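Residue-level structural notes
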2 protein chains.
Amino acid sequence: MKRLLYFALFILILVSTTMTPQTLNLLPVPEKITLGEGNFVLTHSFDISIKGNPDKRIYPYATRVLRRLSGRTGLFFPQDFLTEKSIEDTADCIISVEQPGKVLLNEDESYSLQVFSNKILLKSKTDLGAMRGMETLLQLLQNDDSAYFLPVVSIDDKPRFPWRGLMIDACRHFMPVEVIKRNLDAMAAVKLNVFHWHLSEDQGFRVECKTFPKLHQLGSDGMFYTHAQIKEILAYAEDRGIRVIPEFDIPGHSTSWFVGYPELASAPGPYTIERRWGVFDPTFNPTIEETYKFFDAFFKEMCELFPDEYMHIGGDENNGKQWNQNEKIQAFMKENGIKSNHDLQTLFNKRISAILTKYGKKMIGWDEILQPELPKNIVIQSWRGTEALAKAAQQGYMGILSNGYYIDLIQPTDYHYLNDPVPADSKLSDDEKKFVLGGEATMWAEFVVPENVDSRIWPRTAAIAERFWSPQNVRDVDDMYRRLDRVNFQLEELGITNTKNQEMMLRRLTNNGDCTALNILVDVIEPVKIYTRHNYGVKYYSYSPYTRVVDAAVPDAPEARKFRKLVDEFLNGKKELKNKITAQLTLWRNNHEKLAKTINLSPIIKEIEPLSLNLKLLSEAGLETLSLLDKKQKPKEDWIKATDKLLLEAKKSYGQTELMIVSAVEKLVNEVKK
Amino acid sequence: MKRLLYFALFILILVSTTMTPQTLNLLPVPEKITLGEGNFVLTHSFDISIKGNPDKRIYPYATRVLRRLSGRTGLFFPQDFLTEKSIEDTADCIISVEQPGKVLLNEDESYSLQVFSNKILLKSKTDLGAMRGMETLLQLLQNDDSAYFLPVVSIDDKPRFPWRGLMIDACRHFMPVEVIKRNLDAMAAVKLNVFHWHLSEDQGFRVECKTFPKLHQLGSDGMFYTHAQIKEILAYAEDRGIRVIPEFDIPGHSTSWFVGYPELASAPGPYTIERRWGVFDPTFNPTIEETYKFFDAFFKEMCELFPDEYMHIGGDENNGKQWNQNEKIQAFMKENGIKSNHDLQTLFNKRISAILTKYGKKMIGWDEILQPELPKNIVIQSWRGTEALAKAAQQGYMGILSNGYYIDLIQPTDYHYLNDPVPADSKLSDDEKKFVLGGEATMWAEFVVPENVDSRIWPRTAAIAERFWSPQNVRDVDDMYRRLDRVNFQLEELGITNTKNQEMMLRRLTNNGDCTALNILVDVIEPVKIYTRHNYGVKYYSYSPYTRVVDAAVPDAPEARKFRKLVDEFLNGKKELKNKITAQLTLWRNNHEKLAKTINLSPIIKEIEPLSLNLKLLSEAGLETLSLLDKKQKPKEDWIKATDKLLLEAKKSYGQTELMIVSAVEKLVNEVKK
C-alpha cells in the first residue's frame, strides 16, 4: 500500500514538476513519446531475447545492457551472455531486428520501443536502430524506495541528421586507446554515430605507417597507434554502430611528417616535431611528383586500414608562407598559370581526390577544400558556419557543421545546444536542406590531456548530440540541463572520467589535503574562453603541465550557472528565493578563510588566491545588496564606487580562470542602484 | 625570513614527530638513508641528464618522471623528451648507469641517490636500478607554503629479495589492457618487479592461441588478449623493468580449454565455460599422447610469445574426480604401477617439464608440483606457507611465498606486512635461505571486476612490496600506515582507481544523491573475510553484479582502523583522547538518520541498513560507556545485558559486509564492566 501511494505521488510529481512527460530523463529526446499508466518492474528474473536477423554484434551489446541494468540495481539476473540462441518468447524484453545494419552514412537507425507493465518490445529495421533503442531503455530506468522500474511508454524514434559526430584530436596530445574506447561508449549512449579521429598534426603523427615508417618512428615521440590498436578501435566502434573517419591533415599542419620526410616539404629541412601551439609554416610541396607518389602509397595503406567510405584530408589553415618563399614553387605557378595559393591548393586537392577515388574513398575536408572543380560526392566540414554550409548546399555539396561546436573553447552548453546545422530560419529549400548531413563536436587538444579530456567533451557533447538527433523544436534549455545532469551521472558507468578525475585533480592540487574549500571555488570558476588562454604571459608547450586549477575547472561551471539563474528568477519577482541566495553568498563569503589555509600548504594553487578573495568580496557585496533591497534603502555613493571597482576587479582572470558569478552579483547591484 | 623560520619548524617536526628520518615518506624503505641539512629546491629550470650506457627504455621512463614532477608542482620545465642527447653536465639531476639491465631474475637493481642542495646524483649499475632510484626521488618530493623541494639526503639501496611479484587473475573476471598497464605502473612505483599473469581458468581462457584457436574463440566469451595486446603489455612491463610470468593452469582448473577441445579432458564432453566459483572436476587426461602433442604445440607458441625464462603451469587443486571415474585412466595407472592421483600428476608434470625445457623455459607452479623427480631449476610458489617453502629450500628447490599475501581475502594490511618469506626465526641456514627468492601478492578475481580490482590490490600491496624490498627489521606498523596513506595518494597519478572509483560506486549506489552518510558508514565496514562471502545465501556467478556496497567497501577500512587504535591508546592511559572518541561516536550515532533517507531513495543499498542502525546503537553504547567511566560509575545489570546483546548483534554481517569497530566498543564496555 505504501508503495502504491508512493507511486501515485510519484506520478503526480512526474506530471507536475520534476519531469516533463515528453522528455522523461531521455537525452536525446525521441521523436515521439506516448506515456502510459503503470510500470514495468525489474525483477531478479529479468531477461532479454533477440529475434529476427541482426548482425551478431548485437549480442555483446545486449549483454552489456543487461550488465548495466544489473550493475545499477544490484539484481542478480539469470542470463549470462546473450547469443544466437537467446530467442525465447517468454523473455521480459524482446528485441526484433529485420536485418543487419551497415555502419555507413545514411543507414537506418530508427526504432520503436514499447514498455508494457509485463513486457518490453524493441523493434527496429537494423541492429543499429536496436542499439539506439537499448540506450533509450537504459535511460528509462527509475526507482522508488523498494523497486526499479520503467514507465509504461510507447516511443517511435529516428534521428534528424544522419551524421552525428565527435572529433577527437589525438595529435596535440596523444589519447591512448582506452580514452578513445570510453568515449566511443559514451557516444553510443547519446546516439552519436561518427567518430572523427584527427591523426596527424604539426605536433605529432599518430599512426603506425608500414609504407613510410619514419612517419611514426620520428614523428610521434613513440606515441602512436599500431595497426593492431587501430583495428581494435575500429572493431570497438563498429560494435557500437559508430563510423570512424580518420583525418590526415594536409597540406598544412604537417610538421611532424617532415621530420622523417623533409624532402616533401616546401622548404628545406631538417624539421623537428613542433612543441608550440599555433599555425605553422611547414607545408607539403604540391609542385613535385614525389609528393603524389608518396600520397598514392600512403593512402593505399590507410584506405585499406580504415573501412569507412570517407577519408578526411583536413586542408585547413595553410598559411602559404613556404610556398611564397620557394622560388621553384613560384616558377611552377607562373608556368602553369596558377594565380594564388588558393588555386595551388585546389590543384593539390584535385590530385589527392583522384588518389582517394582510385582507392574507393570519398573525400571530406574543412571549408577550405570547397572548390568548384571537386567532385560532388565530397563532404565539407564547416568551421566557418551555417552560412558557408548553406552556400555549399546550394552548390550541391554535402556538408556538416562544426562551427558552434568547438568544445575546446570552454563555452556554455546552451550556446552549443541552440546552435543548429539547419536553423529554423534557414533559407534553404527542403531539397537543399538534405545536403546538410549533420554536425560534429570538435575536441581540439592543445589544453586537454587524457586525464581531463573527458571533462571538456562531457557532458556538453550530450547536448550537442540531442541537437543532431532530436526534432528541431526540442530547444528547452532548462529541461536540457535537468536531463544533462542525469546523463552526466550515467556516463560514469561507461568509464567517463570527468567527475572522478576532477576530484582526483583537486586532491593532487591540495597535496591530499581537505578539498572542500577548493571545490567550492572550482564550482564557480571556469577556464578563460575561446583562445584567450594564450594571452596571459604563460607560454604553453605540448609538454607543459596540464594539472593546474585551470585544468581541473570545467566549462559551464554548474554552481555558477545555477546561481545566475537563481538571481534572474529573484529579480523577475520570485522574492522567496532570497534565502537561497543569501545562503549561497554566505557559504562563498566564508570560504576564503578556509581556502587560504589550503593554499598555504600547496604552492601550485597560489595563483588562484585572488579569485577566492574576489568571491568573498563579491559575496559580501551581494549580501549587502540584499540587505539594502530588504530595507528599501538606496546605497551610499561610496558603496557604489567601491562596489563598481570590485566588480571590475572580479571580472579579471587569475591563473587563466575566471569567476562566473560576477554578472549575477552585478545584476543585484544594478537593481539596488535603480 | 618567514620561509626560513618555516623550514626550521619543519625540520623540527620532521625529527620530532611526523616523520622518522630513517623512512621519510619512502615506501619501500631503502636499505640505508643518511639525512643531511637543507634542501634541493625544484625550480622552473629543473632538468635531467642521463649518462653512461643504459638501455634506451630509460629515456621515456625519465621523461615520465619529469612529467610527474611537473604535474605535481605545476612547474613549467624547459625539457621536452629525454633522449640519448640529454647528457649535459649542467643538468640539475644527473643519472649515471653502467650498463643496460636485463629484465630477468637476479638482475642488479641497486642504486645510490644523493641529493645535494644544488644537484641530484643517481647512480646505478643497470638502468633497472636507476628506475627504482627515480621512484625514490619522486617519493622524496615535499613542499612548504611557497616551494617544492627534496631534502638533502644520501641513499644506498638494493632489494632484499630478487622476486617481488603481483599476480593478477585475468580469468575469473577479465581484466582489460588498461587495468594491467596501470597496475604495472603502480608496481614500478613501489619497486615490484614480477607481474604474474593468471591466464587460464575454468571460467575463461584469456589468450589468443593461433595454434588452437578454439581455445580463445570458444573459451573466453570474446574476452581475451590478442597477441598484439600481449606484446603491448610485455613491452610496457619491460619498459618498467618488470618481468612477466604467464600462467596456464593445468591439469585442473581447465574447463574453458575443453569447450573447444573436449577430447583432451578426462571425461567426455561437451563442456561449457564455468560460471560458478569453486574447484571443479574437468581435468586434462594425462594418459593419452594427444594431450602431450597438444601441449607441445601449445607451449611452442606461448614460449615464443612470452620472453621470460619461467613458464607457470599452475598445478593446483586437481580434485582427481575425473581420473577416478575414468576406467581407461584407472587401467593405465594399474598398468604403469601408478599408485595415486598425486603420482599421476607427477607423471604429467614431468612430461610438461620436458616440453618446457625443450622450448628453453624453466617451470614454476604451485606447491603441488614439488616432486622429487623434477629438475632443480623449477620454482615452487607456495600457497601453503613458509614451512612448505623452507622444506623445498632444504631439498634445494627455489621457492616464492604467496601464503599470507592472498589479497583477495580482505585481510588487514599489517597482517600481510608482517608476513615474511624468511621469518626472523627461520631455521634455514644462510645458504638455504638463498633458495627463497621472494614472494607474490595474489589477486584472485572471483569478487573483483575492472572497476574495483585496484581497491583490493592497493594500497595493501605497497606494504607487501616493502616486505619484499626492505631489510627484514623494517617492521614498524604505525610508520608503515603513515607512509602507505601517502603512497596511496601518489598512486592516483599513475591511474590507480581505488579512491576515485569508490567515490563513483557510492554515487551510483545513492542514485547520484548525497553520498556523505553512506561514505561515513562505508569507511568503517569491510567485506566479510577469507572465503565466507559464499556463505550467506547469495549465489555468485561470474556475471553477477559486483556493484553493491560490499564491492565498494575496501579491506582494512581506514576510519575503523584509526578508531580501534584511538581506543587502544585511550585505554592504555591517554585519557586526553576521550574527546576525539566522543566526537567520532557522536558523528556515527547521528549518521543513521541521514543514511536512512538515502536508503529510501535507493533499493540497492537497503541490505546494509541494519549495519547503519548497529553503528548508531554501538555509538550510543560507547558514549554511555565513556560517560560512566567519567563518573566512575558501574553500569546496571540491565545495561550490561542489553549491551552484550547489542555487541553480539553488531558482529553480524549484512550484505556480506561487517562493522569493523565492534571490537573497539567492546573493549570500552569491558573496561567499564571491570
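The written sequence of each chain sets the order in which its residues are numbered from 1. Going through the entries in the order they are written, you letter the chains from A and number the ligands from 1. Residue-level local features of this predicted model are given only where pLDDT is at least 70; pairs of side-chain atoms are given and counted only at 80 or more, and the full residue set underlies all totals for whole chains, interfaces and linings. In computing side-chain values, all of the structure's heavy atoms are included and hydrogens and water are not.

1. What to know about the overall build of chain A
Spelled out, the test is: Numbering goes from the N terminus for both helices and strands, where a helix is a DSSP run of H or I of at least four residues and a strand is a run of E of at least two. We take the radius of gyration over the C-alpha atoms and set the globule estimate at 2.2 Å times the residue count to the 0.38 power. Accessibility here uses a 1.4 Å probe with only protein chains present; expressed as a share of the type maximum, an area under 20% marks a residue as buried, one over 50% as exposed, and anything in between as partly exposed. Contacts are residue-level and defined by heavy atoms, with any inter-residue pair within 4.5 Å sufficient. Using a 1.4 Å probe, the Shrake-Rupley method yields the accessible areas, and only the shown protein chains count as cover for residues. Charge counting follows a simple rule: Lys and Arg are positive, Asp and Glu are negative, and His as well as the terminal groups are ignored. Here the site of a charge means atom NZ of a Lys, CZ of an Arg, CG of an Asp or CD of a Glu.
Tallying secondary structure elements over chain A gives 25 helices and 18 strands in all. Relative to the 2.2 N^0.38 estimate, which gives 26 Å for 674 residues, the radius of gyration of chain A is 27 Å and therefore close to what a compact globule would have. Dimensions of chain A along its principal axes, counting C-alpha atoms only, are 80 × 75 × 50 Å. Per-residue burial for chain A yields a buried fraction of 61% across its 674 residues. Taking contacts inside chain A between residues at least 6 apart in sequence as the whole, the part at least 24 apart equals 76%. Accessible surface computed for chain A: about 25,400 Å², of which carbon and sulfur atoms make up 54%. A gap of 3 Å separates the mean positions of the 86 positive and 91 negative side-chain charges of chain A.

2. Some thoughts on the interface of chain B and chain A
What counts, and what does not: Buried area is understood as the total, over both parts, of accessible area removed when two parts are fitted together, assessed with a 1.4 Å probe. Between Lys or Arg on one side and Asp or Glu on the other, a salt bridge is scored when a side-chain nitrogen of the former is within 4 Å of a carboxyl oxygen of the latter.
Between chain B and chain A, the residue contacts involve 55 residues of the former and 54 residues of the latter. Of the roughly 4,500 Å² buried between chain B and chain A on both sides combined, carbon and sulfur atoms contribute 54%. Contact with chain A buries area across many residues of chain B, yet F76, F489 and Y543 of chain B alone supply 15% of it, more than any other trio. Inspection of the region where chain B meets chain A yields 6 salt bridges. E503 of chain B is the partner of R507 of chain A in a salt bridge, and the nearest nitrogen-oxygen pair spans 3.0 Å. Elements that contribute at least two residues to the side of chain B that touches chain A include exactly α2 (58-73), α6 (227-238), α17 (477-491), α18 (498-509) and α22 (578-600) of chain B.

3. Some points on the environment of P282 of chain B
Residue and element names in this part refer to chain B. Considering the arrangement of structural elements, one finds P282 in the loop between α7 (255-260) and α8 (289-305). By relative accessible area, P282 is classed as buried at 10%. On a C-alpha basis, the gap between P282 and S256 in space is 9.1 Å, while along the polypeptide they are 26 residues apart. Not counting residues up to four positions away in its chain, the partners in contact with P282 are P251, G252, H253, S254, T255, F258, Y271 and Q322.

4. Description of helix α25 (residues 662-673) of chain B
Residue and element names in this part refer to chain B. Our working definition: In a helix, the anticipated span is given by 1.5 Å times the number of residues less one. It is the directions from the helix axis to the C-beta atoms whose arc is reported.
For α25, spanning 12 residues, the distance from its first C-alpha to its last is 16 Å, which sits close to the expected 16 Å at 1.5 Å a residue. Where α25 is concerned, the buried positions are V662, A664, V665, L668, V669 and V672. The buried side chains of α25 occupy one side of the element, clustering within an arc of 170° when seen end-on. Buried residues in α25 make contact with α21 (558-571), α23 (609-631), α24 (637-650) and β18 (657-659).

5. As for the relation of the copies chain B and chain A
Stated precisely, the cut-off is as follows: All copies are superposed by least squares; the fitting set is the C-alpha atoms of residues with a pLDDT of at least 70 in both.
Mapping chain B onto chain A calls for a rotation angle of 180° and an axial translation of 0.0 Å; the resulting RMSD is 0.0 Å. What the rotation and shift describe, once combined, is the action of a two-fold rotation axis. The C-alpha atom lying nearest the rotation axis in chain B is that of K500 of chain B; the distance is 2.8 Å. Looking at chain B, 98% of its interface residues are interface residues in chain A too, so the copies touch through the same face.

6. Some thoughts on the domain arrangement of chain A
Residues and elements named next belong to chain A. The condition that has to hold: These domain boundaries are the output of an automatic or database domain assignment. For the purposes of these results, a polar contact is taken to be a pair of N or O atoms within 3.5 Å, where, inside protein, one atom must be able to donate a hydrogen and its partner to accept one; residues adjacent in sequence count only when each atom of the pair is a side-chain atom. Residues were grouped as follows: Ala, Val, Leu, Ile, Met, Phe, Trp, Tyr, Cys and Pro as nonpolar; Asp, Glu, Lys and Arg as charged; and all remaining residues, including Gly, as polar.
Annotation of chain A at the domain level lists domain 1 (20-157), domain 2 (163-497) and domain 3 (500-673). Here domain 1 and domain 2 have C-alpha centroids that lie 33 Å from each other. Contacts between domain 1 and domain 2 engage 28 residues on the former and 34 residues on the latter. Considering only the surface of domain 1 that becomes buried against domain 2, L27, P28 and L105 emerge as the three largest contributors, covering 26% of it. Linking domain 1 with domain 2 are 4 salt bridges, by the criterion used here. Where domain 1 meets domain 2, there are 17 residue pairs in polar contact (both at pLDDT 80 or more). Sorting the residues of the side of domain 1 that touches domain 2 by element identifies α2 (58-73) and α3 (127-140) as the ones contributing at least two each. No other element matches the 7 residues that α3 contributes to the side of domain 1 that touches domain 2. Taken together, the residues of the side of domain 1 that touches domain 2 sort by class into 14 nonpolar, 5 polar and 9 charged.

7. So, the pattern of salt bridges
Residues and elements named next belong to chain B. Following the criterion strictly, the structure yields 96 salt bridges over all chains and no others. A salt bridge links R475 to D420, with the nearest nitrogen and oxygen atoms 4.0 Å apart. Here the residue R475 occupies a position in the loop between α16 (460-469) and α17, and D420 occupies one in the loop between α13 (413-418) and α14 (430-433), the gap between them amounting to 55 residues. Classification of D420 as buried rests on a relative accessible area of 3%. Linking R561 and D556 is a salt bridge whose minimum nitrogen-to-oxygen distance equals 4.0 Å.

8. Quick word on the packing of aromatic side chains
The criterion, for reference: Here is the rule: rings of Phe, Tyr and Trp (six-membered ring for Trp) pair when centre to centre is within 6.5 Å. Planes less than 30 degrees apart are stacked, more than 60 are edge-to-face, and the remainder are tilted. Charge-over-ring placement is defined geometrically: NZ (Lys) or CZ (Arg) within 6 Å of the ring centre, and within 35 degrees of the ring normal.
Here the structure, examined in full by the defined rule, presents 82 aromatic pairs over all chains. On the basis of an interplanar angle of 85° and a centroid distance of 6.3 Å, the ring pair of F295 of chain A and F298 of chain A is categorised as edge-to-face. Here F295 of chain A and its partner F298 of chain A are both found in helix α8 (residues 289-305), 3 residues apart, which amounts to about one turn of the helix. Take F295 of chain A: its relative accessible area is 0%, and that puts it in the buried class. Classification of F298 of chain A by relative accessible area gives buried; the value is 0%. Its end group placed over the ring of Y261 of chain A, K214 of chain A keeps NZ or CZ at 5.0 Å from the ring centre. When the ring centre of Y541 of chain B is taken as origin, the NZ or CZ atom of K539 of chain B, which lies over that ring, is 5.9 Å away.

9. Quick notes on the pairing of strand β13 (residues 362-366) of chain A
Residues and elements named next belong to chain A. Definition in use: Pairing between strands requires that DSSP locate at least two bridges from one strand to the other.
Of all 5 residues that make up β13, 4 are buried, and the element is covered over most of its length. Two strands pair when backbone bridges link them, and strand β12 (residues 310-312) and β13 are joined in this way by 3 bridges, in the parallel orientation. Looking across to β13, one finds that H312 is bridged to I364. Pairing of β13 with strand β14 (residues 379-382) involves 3 bridges; the strand directions are parallel. Following the sheet pairing, G365 is matched in β14 by I380.

10. Points about the side chain of D185 of chain A
Residue position: D185 of chain A is located in helix α4 (residues 177-189). Beyond its immediate stretch of four places on either side in the chain, D185 of chain A contacts Y236, R240 and L494 of chain A.

11. Examining unusual backbone geometry
In this model, G269 of chain A is joined to P270 of chain A through a cis peptide bond whose omega is -5°. Along the chain, P270 of chain A turns up in the loop between α7 (255-260) and α8. With phi around 65°, I410 of chain A is a residue other than glycine that occupies positive phi space. In this structure, L24 of chain B is a non-glycine residue whose phi angle is positive, near 45°. The residue L24 of chain B is located in the loop between α1 (2-16) and β1 (32-42) in this model.

12. Topic: the side chain of Q203 of chain A
Residues and elements named next belong to chain A. Mapped onto the elements, Q203 comes out in the loop between β9 (194-201) and β10 (204-205). Here R276 takes part through its backbone oxygen, which lies 2.7 Å from a polar atom of the side chain of Q203. Here Q203 is in contact with C171, R172, I273, E274, R276, W277 and F280, once residues within four sequence places are set aside.

13. Notes on the environment of I313 of chain B
Residue and element names in this part refer to chain B. Among the structural elements, I313 can be located in the loop between β12 (310-312) and α9 (321-325). Owing to a relative accessible area of 0%, I313 belongs among the buried residues under this scheme. Sequence separation between I313 and S86 is 227 residues; the distance between their C-alpha atoms is 44 Å. Residues within four places of I313 in sequence aside, it is in contact with F248, D249, I250, F299, N349, I352, L356, M363, I364 and I369.

14. Re the packing of α23 of chain B against α25 of chain B
Helices that pack against each other are described as a pair by the angle of their axes relative to one another and the distance between those axes. Residue and element names in this part refer to chain B. Counted only if it meets this: Throughout, an axis means a line fitted to C-alpha atoms (over the contacting stretch in the case of helices), and angles, computed between N-to-C directions, take values from 0 to 180 degrees. We call two directions roughly parallel when the angle between them is under 35 degrees, roughly antiparallel when it is over 145, roughly perpendicular when it lies between 65 and 115, and oblique otherwise. It is the rotation of the near helix from the far one that decides the hand of a crossing: anticlockwise by less than a right angle makes it left-handed, clockwise makes it right-handed.
Following both chains from N to C, one finds α23 and α25 inclined at 30°, their axes separated by 9 Å at the closest point. Put simply, α23 runs roughly parallel to α25. Our pair here, α23 against α25, has a crossing hand that is left-handed. On the side of α23, the interface is formed by L618, G622, T625, L626, L628 and L629, while α25 contributes V662, V665, L668, V669, E671 and V672. Tallied by class, the residues present in the contact of α23 with α25 amount to 9 nonpolar, 2 polar and 1 charged.

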